[in-house]
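# Descriptive analysis of the structure
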Amino acid sequence: EELERPALVVRSNGIAYHLPPGPMSAQVDINGFFATTRLRYTYVNPTDVYLQATFVHPMPERGAVDALRLQIGDRTIEGFVQETQKAQATFEQAKREGKIAAVSHQLRPDLFSTAVANIPPGGNVVIEFGIRETLSYENEGFNYRLPLAVNPRFTPPMAMSGPEPTALASSAETHAASLESEIK
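Description of the structure in this document.

Parameters and conventions
Residues numbered from 1 in each chain as written. Predicted model: local features only at pLDDT ≥ 70, side-chain atom pairs only at ≥ 80, totals over all residues. Heavy atoms only, no water. Helix = DSSP H or I, 4+ residues; strand = E, 2+ residues; numbered from the N terminus. Buried < 20%, exposed > 50% of the residue type's maximum accessible area, 1.4 Å probe, protein only. Contact = heavy atoms within 4.5 Å. Areas by Shrake-Rupley, 256 points an atom, 1.4 Å probe, with all protein chains shown as cover. Core = buried A, V, L, I, M, F, W, Y, C linked by side-chain atoms within 4.5 Å. Pairing = 2+ DSSP bridges. Axes fitted to C-alpha atoms, helices over the stretch in contact; angles between N-to-C directions. Salt bridge = Lys/Arg side-chain N within 4 Å of Asp/Glu carboxyl O.

### Section: the overall build of the protein chain
Secondary structure assignment for the protein chain yields one helix and 13 strands. Reading the helices (α) and strands (β) of the protein chain from amino to carboxyl end gives β-β-β-β-β-β-β-α-β-β-β-β-β-β. Burial statistics for the protein chain: of 184 residues in total, 36% are counted as buried. Taking as baseline every contact in the protein chain between residues at least 6 positions apart, the subset at least 24 positions apart corresponds to 73%. Carbon and sulfur atoms form 53% of the exposed surface of the protein chain, whose accessible area is close to 11200 Å².

As structure tokens, then:
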């Protein structure tokens, strides 16, 4: 299915559910041709069971994630870079052992995801990450865009086969957001 916005998604019986969002904040520093953006999202596990979820967020086309931190309950996870297969194996082992763990992947140039294992019942999930990007310069000005919507991918009708995509089930959602910027 296609997501429309950043979300922490849990799958159960073939249906994707969005965890309730909390506050979102962004801090943007622009210095010449470069922008550094720090984003913070908060979600809650409203259930009485441990959950496995996936956070999906759009990326600027010329951006790269340069930092990742998750806070789940009283545990903080600092991201670091590993080879893909090793990172996935480390994540799967921690997940099997019942530990809180996370692993991130770039799904396509404008989209990345982070799988999160063992979110405790009633627990808050705070996801913080940084994006660095080179800005384009057009018409005597720099262009900066903070993507907060996931761009749909076009699939020609002839290419679609199999069952219809599953719709996302979600409660009414609102986001409290703040934006802070500094241009140098």
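### Regarding the nonpolar core
If you look at the biggest cluster of nonpolar residues, it comprises 24 residues, and the most contacted ones within it are Leu8, Tyr43, Phe55, Ile119, Ile127 and Phe129. Secondary structure elements with two or more residues in this core: β1 (7-12), β3 (21-31), β4 (34-44), β5 (51-58), β6 (63-72), β9 (111-119) and β10 (124-134). Considering every element that reaches this core, the biggest residue donor is β10, with four residues. Residue contacts for leucine 8: discarding those within four places in its chain leaves Tyr17, His18, Leu19, Tyr43, Ala53, Thr54, Phe55, Ile119, Val125 and Ile127. By size, the runner-up hydrophobic cluster in this structure holds six residues, among which are Ala94, Ala101, Val103 and Ala117.

### Looking at the pairing of β6
Direction of pairing for β6 relative to β10: antiparallel, over a ladder of nine bridges. When the bridges of β10 are listed, glutamine 71 appears paired with valine 126. Here four bridges tie β6 to strand β7 (residues 75-78), and the two strands are oriented antiparallel to one another. Its bridge partner lying in β7, leucine 70 is registered against isoleucine 77. Following β6, the chain reverses through two residues before pairing antiparallel with β7; glycine 73 in that reversal takes a positive phi of roughly 60 degrees.

### Observations concerning the sheet that holds strand β2 (residues 15-18)
If you trace the five strands from one edge of the open sheet to the other, you get β2-β1-β5-β9-β8, paired in antiparallel fashion. Each edge of the open sheet is held by one strand with a lone partner, namely β2 and β8 (101-108). Neighbour-to-neighbour, the strand axes of this sheet turn through a mean angle of 30 degrees, independent of strand direction. Those strands touched by helix α1 (residues 84-96) are β5, β8 and β9, and its axis lies near 140 degrees from that of β8.

### Some remarks on the pattern of salt bridges
Evaluation of the coordinates by the stated rule reveals seven salt bridges. Across the pair arginine 38 and aspartate 66 runs a salt bridge, and its minimum N-O distance is 2.8 Å. Residue arginine 38 is located in strand β4, and its partner aspartate 66 is located in strand β6; the two are separated by 28 residues in the primary sequence. Between glutamate 78 and arginine 69 there is a salt bridge, with its nearest N and O atoms 2.6 Å apart. A relative accessible area of 44% means that glutamate 78 is categorised as partly exposed.

### A short note on the side chain of threonine 36
Locating threonine 36 in the fold gives a position in strand β4. Of the residues examined, threonine 36 reaches a relative accessible area of 18% and is grouped as buried. Apart from residues no more than four positions distant in its own chain, threonine 36 is found in contact with Gln27, Val28, Asp29, Ile131 and Arg132.

### Quick notes on unusual backbone geometry
Positive phi is not limited to glycine here, since asparagine 118 has a value of about 65 degrees. By the secondary structure assignment, asparagine 118 is in strand β9. The backbone of glutamate 140 sits at a positive phi, close to 60 degrees, despite the residue not being glycine. Secondary-structure assignment places glutamate 140 in the loop between β11 (136-138) and β12 (141-143). By relative accessible area, which is 74% here, glutamate 140 ends up exposed.

Everything listed here is a matter of geometry and, on its own, says nothing about what the molecule does.
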